Amino acid sequence: MKGQAEQQKGVTKTVKKVKTTNKRAPVRLWVKAVFTGFRRSKVQQNENQALLKIEHVNDVASSRFYWGKRVAYIYKAHSLKNNTKFRAIWGRISKSHGSNGVVTARFGRNLPPRAIGSTLRVFLYPNRA
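The rules behind these values
Residues numbered from 1 in each chain as written. Predicted model: local features only at pLDDT ≥ 70, side-chain atom pairs only at ≥ 80, totals over all residues. Heavy atoms only, no water. UniProt positions renumbered as here; feature names shortened; annotations may be inferred. Phe/Tyr/Trp six-rings, centres within 6.5 Å; stacked < 30°, edge-to-face > 60°. Lys NZ or Arg CZ within 6 Å of the ring centre and 35° of its normal.

As annotated in an unreviewed UniProt entry, the chain carries the name 60S ribosomal protein L35a and comes from Paramecium pentaurelia. The UniProt entry for the chain carries the following comment under Sequence similarities (unreviewed entry): "Belongs to the eukaryotic ribosomal protein eL33 family."

This is the structure in structure tokens:
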């Protein structure tokens, strides 16, 4: 017994400190929207007005919150520009369209027709509250 006690006194224990990181998902500051098509009538369409269906928005009252918010269509190009292949076309939500929560958006450059059905990002700024 004395031998074991003497051995334990001479040994120093090293405790390894484990750095814990926060494993939560990053905060997303935008809402998904689907580009459903251009605003149109029976015989013509306005390419400068895009119709967007925002996620979880199903009536005019809830779509009013998004009036004036910024929208981005992010796509991937073939060539590098500013050290990235991703590019964006920015726009702004202008008004509601119909009674089901669809909104009208205007973009700096008109969205291409290949973007119909794709996901856009509706950012939660500028804040009007």
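**Q** Honestly, the packing of aromatic side chains in this entry has me stumped. Any pointers?
**A** A ring pair, where both rings are aromatic, is described by two values, the distance of the centres and the angle of the planes. The tally for this structure, following the rule as stated, stands at 5 aromatic pairs. Chaining the aromatic ring pairs together yields one cluster made of Trp90, Phe123 and Tyr125. Above the face of the Trp30 ring, Arg28 is positioned so that its terminal group lies 4.7 Å from the ring centre. Its guanidinium or amino end placed over the ring of Phe65, Lys69 lies 4.5 Å from that ring's centre, counting from NZ or CZ.

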